[in-house]
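Understanding the architecture of this molecule
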Amino acid sequence: DDAMAFSNYWMKGMQKRAVLEFSRDRKSMSVLWHDSSSGNNVLFAKGAPEMLVKRCTKIMMPDGSVEEMTEQWRGQIETELDKMAQSALRTMGMAVKFSDLGDLQSYDGSHDHQGHHILAEPSNFIEVEQEMTFVGMVGILDPPRPECKPAIEACRVAGISVIMITGDNKTTAEAISQKLGILAPSGSHSENSFTGQEFEALSDDRKVEVLRKIMERRDVEGAVFSRTEPKHKQLIVKILKSLDEIAAMTGDGVNDAPALKQADIGIAMGIAGTEVAKEASDMVLADDNFTSIVAAVEEGRSIYNNMKAFIRYMISSNVGEVAAIFLTAALGVPEGLTPVQLLWVNLVTDGPPATALGFNPPDLDVMSKAPRRKDDALISVWSYVRYFVVGAYVGCAVVGIFMYWYIFDVAEDAHSLVSLEQLLTWGSCQDWQGFRVNNVGGISFSSDPCAYFTDGKAKASTLSLTVLVVIEMLNAFNALSEDGSLIQMPPWANPFLIVAATISIGSHFVILYIPALATIFGVVPLTMHDWMLVLAFSFPVILIDEILKFIGRSTAKSINLKDKHA
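Attention in this report is confined to the structure presented alongside it. These numbers come from a predicted model, not from an experiment.

**Description of the overall build of the chain**
Along its length, the chain carries 22 helices and 13 strands. Compactness check: the chain gives a C-alpha radius of gyration of 38 Å against a globular reference of 24 Å for 566 residues, more than 25% above the reference. Across the chain, every contact between residues at least 6 apart in sequence was considered, and the portion connecting residues at least 24 apart equals 65%. For the chain, the exposed area adds up to about 28700 Å²; of that, 60% sits on carbon and sulfur atoms. Between the mean site of the 48 positive side-chain charges and the mean site of the 69 negative ones, the chain shows a separation of 4 Å.

**Things to note about unusual backbone geometry**
The residue Ala-88 is not glycine, and still its phi comes out positive at about 65°. Here Ala-88 is to be found in the loop between helix H3 (71-86) and strand S6 (89-97). Residue classification places Ala-88 among the buried positions, given a relative accessible area of 4%.

**Some words on the pairing of strand S1 (residues 14-23)**
Sheet topology places S1 next to strand S2 (residues 28-35); seven bridges connect them, and they run antiparallel. Residue pairing across strands places Ala-18 opposite Leu-32, the latter belonging to S2. Hairpin connection of S1 to S2: four residues between the antiparallel strands, including Lys-27 at a positive phi of 55°.

**A closer look at the packing of aromatic side chains**
Within the structure shown, the criterion is met by 21 aromatic pairs. Measuring from centroid to centroid gives 6.2 Å for Trp-426 and Phe-453, while their planes differ by 40°, and the two rings are tilted. Placement of Trp-426 in the loop between helix H17 (420-424) and helix H18 (458-478) and of Phe-453 in the loop between H17 and H18 is noted, with a sequence separation of 27 residues between them. Measuring from ring centre to ring centre gives 6.1 Å for Trp-432 and Phe-453, while their planes differ by 85°; the resulting arrangement is edge-to-face. Taken together, the residues span a long stretch of sequence, with Trp-432 in the loop between H17 and H18 and Phe-453 in the loop between H17 and H18 at a distance of 21 residues. Relative accessible area serves as the criterion here: at 21%, Trp-432 is assigned to the partly exposed category. With a relative accessible area of 0%, Phe-453 lands in the buried category. The side chain of Arg-372 reaches across the aromatic face of Tyr-304, ending 3.9 Å from its centre.

**Structural notes on the packing of helix H16 (residues 381-407) against helix H21 (residues 528-538)**
The interhelical angle for the contact between H16 and H21, taken along N-to-C directions, is 150°, at an axis separation of 9 Å. Regarding the angle of H16 to H21, the classification is roughly antiparallel. Between H16 and H21 the crossing geometry is right-handed. Along the contact surface, H16 presents Tyr-393, Ala-397, Gly-400, Ile-401 and Tyr-404, while H21 presents Leu-533, Val-534, Phe-537 and Ser-538. Tallied by class, residues from the contact of H16 with H21 come to seven nonpolar, two polar and no charged.

**Digging into the sheet that holds strand S8 (residues 163-165)**
Overall, parallel pairing links the three strands, which are arranged S8-S10-S9 in an open sheet. Bordering the open sheet on either side are S8 and strand S9 (193-195), each of which pairs with just one other strand. Recorded for the sheet is a direction-independent mean angle of 10° between the axes of neighbouring strands. Across three bridges, S8 lies against strand S10 (residues 223-226) in parallel orientation. Directly across from Ile-165, in S10, lies its bridge partner Phe-225. The sheet strands contacting helix H9 (residues 204-216) are S8, S9 and S10, and the helix crosses S10 at an angle near 140°.

**Quick notes on the pairing of strand S7 (residues 132-141)**
Sheet analysis places strand S4 (residues 56-60) next to S7, joined by three bridges and oriented parallel. From the neighbouring strand, Cys-56 faces S7, where its bridge partner is Met-132. With eight bridges connecting them, S6 and S7 associate as antiparallel partners. Looking at the pairing, Arg-90 lines up with Ile-140 of S7.

Analysis parameters
- Numbers given to residues run from 1 along each chain, matching the order in which its sequence is written.
- Local features in this predicted model are restricted to residues of pLDDT 70 or higher, and side-chain atom pairs are both shown and tallied only at a pLDDT of 80 or more, whereas totals for entire chains, interfaces and linings draw on every residue.
- Calculation of side-chain values draws on the structure's entire complement of heavy atoms; hydrogens and water are dropped beforehand.
- We count a stretch as a helix when DSSP gives it H or I for four or more residues in a row; a strand needs E for two or more, and each element gets its number in order from the N terminus.
- Within these notes, the globule rule equals 2.2 Å times the number of residues to the 0.38 power, and the radius of gyration is based on C-alpha atoms.
- In this description, contact between two residues means that some pair of their heavy atoms is separated by no more than 4.5 Å.
- Method for areas: the Shrake-Rupley scheme with a 1.4 Å probe, in which residue coverage is limited to the protein chains shown.
- His residues and chain termini do not enter the charge count, which takes Lys and Arg as positive and Asp and Glu as negative.
- Charge positions come from single atoms, namely NZ of Lys, CZ of Arg, CG of Asp or CD of Glu.
- Only protein chains enter the accessibility calculation, which uses a 1.4 Å probe. A residue is then buried if its area is under 20% of the maximum for its type, exposed if over 50%, and partly exposed in between.
- Whether two strands pair depends on DSSP finding at least two bridges between them.
- Whether two aromatic rings pair depends on their centres lying within 6.5 Å, for rings of Phe, Tyr and Trp, where Trp uses its six-membered ring; planes under 30 degrees apart make the pair stacked, over 60 edge-to-face, and the rest tilted.
- Note on geometry: a ring has a charge over it if NZ (lysine) or CZ (arginine) is within 6 Å of the ring centre and within 35 degrees of the ring normal.
- Angles here are taken between N-to-C directions and fall from 0 to 180 degrees, while the axes themselves are lines fitted to C-alpha atoms, restricted in helices to the stretch in contact.
- Roughly parallel here means an angle under 35 degrees, roughly antiparallel means over 145, roughly perpendicular means 65 to 115, and every remaining angle is called oblique.
- Left-handed describes a crossing whose near helix is turned anticlockwise from the far helix through less than a right angle; right-handed describes the clockwise counterpart.
- Only Asp, Glu, Lys and Arg are considered charged in this grouping, and only Ala, Val, Leu, Ile, Met, Phe, Trp, Tyr, Cys and Pro are considered nonpolar; every other residue, Gly among them, is considered polar.

As C-alpha cells, then:
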C-alpha cells in the first residue's frame, strides 16, 4: 500500500547532503548522499541518457561488478536507447559516482566545509558529474491523452500548424508526434524535425526557409523540435512572426516566460504552470488540456462570425429601408412608410433578432476554413455586394407591394385599381377628368377622390410595413451562417433567434389588431389574403441569399484550391 516502500528501504542509512539542480545545458541533475555503512559520500545522477553516457567512464554489470565504458558498450546503450525512443518511451539514464569526488567526498552539508564553494556555483556541477559509472536506463510511458489526436487533426483541417517543442530525445519526440498525428507516420522528417542544437546551428536564412516550408505544409503535417532550451522557443516565435504568422506558444516554467511574452498569444498551464508563466501569458488553461486551445479557437471564430452576422443583418436591413425611401422618392409614388413606422421597425422589431444572433452556434465548417489574416477587413467587398443586393430587394419588395395593392390587387375590400401611370403621377390627380374610386376602410372619397392616394393608403402602407418586418425576420434567419445554407443550419439551430423572431412578429400583431395602437401607427388589420401577399413578396429574400451564399461557397473553394496548388 505504500508507494514509497521500495525507495524508503534503500534510503535507510542514507543522508542527503546536497542537490545539484537540473540545468538544460548538461541535461541532468544529481544528489549527493552520505552512506553511513561505508562512511563515504556517493553521487547519484539522472538525466538524458545520451548526455550521461558521455560523462561516464565505467559501466555497472547486473551482478554489481564494474567494467570500463568501451565504444562497444556505448554503441549498445545507443541501440537500446533508440529502441525505447521508437516505442515512444521517454528515457532517463542513471549513473553513480562512488569516489574521486574531491572536496565533496567528505562534505557534511555545512556552509563552513571546504566543499561548499563547489556547490555554490551551478557552473561547477558539470565538473562534479564526470567520470561516473553508468547504471542503466528506464523507459517511461507517458501516453498522450486520447482526445489530443482528434484535436490536432482539427487544427490541421483548420489551417493551424501544430509544432511540438520538447526537451525529449529526438527519436522519442518523433515517435510521440507520429502517434498524435503531428508528423506523418512514414517518410523522411529531415525538414521538419530538429534538435534545438541542430536548428541553432543553421544559418539565419536556412532557419527562415525551414519554418517557411513547415508553414507551407501545414495542411499535411506539423513539425517537432526536440532537446530544446527556452531560447530556442524564442527563436522559433521570432522567425514565425517575421513570416507574418500568428504564433501561439504554450509553456509552464519560469524559463518559458520570455517566449510566452514574445508570442502573439501566450498560453500558460493553469495547474502545472508557474505564476511567472501565467503572468506572462495572454491565456491560462484551467485544465492543462490541448483540446481546450482548439475549443477556444472554435469559440473565437464563432464569436467573430456572430459579429459579422449582426453587422450583416443590421446593414442589409437598413440598406433596405433606405432603398425603399429612395425608390418612393424616385418613382414619385405616395409614401408607403411613415416616420413612426420606421421608428417602430428600428427600435422594437429589429432589436430582439439582432441580439439573438449573438447566440448563433458555430458554423458547421467553422474549423475547416483557413485562418483569416490579421489585416483582413471585417467587411469585405463581397460582403458589400451582398448587403446591396439584399437591401435592394428589400426596398423593391416594400415599394412593390405598395404599388401592387393599388394596381393589381383584387381583394375583398373591393378597393379601386389604378393604372401605373396614374399612381406615378398622383400629384396631378386634381387635373384628371372623371376620376372616381370606391370607398375603402370606412372612408368616403366621393367628394375628394384624390384623397385615395393619401388617406386611402392605410392598407397599402400596412402591407409595406409588414413586408419590411417579415423580410427582416427572414433576413435574420439568413444571417445564421455567412455561407452555410439554411438546409445545413436550419433556424432551430439557434432557439434564441426563433424566440426573438416570435417576439418581433408578436409585437407587430399587437399594433395591427389592437385598434388604439393601429390608429397611432396608421395601420389596419390584415386578412388572410393580405398575409399570403406579404409572404409572396417576403420569401424571395431567402432564395436570393441562398444564391449569394452558394456563390460565396464556390468562390471560397476555388480560392482554397488555388492556394493549395500554388
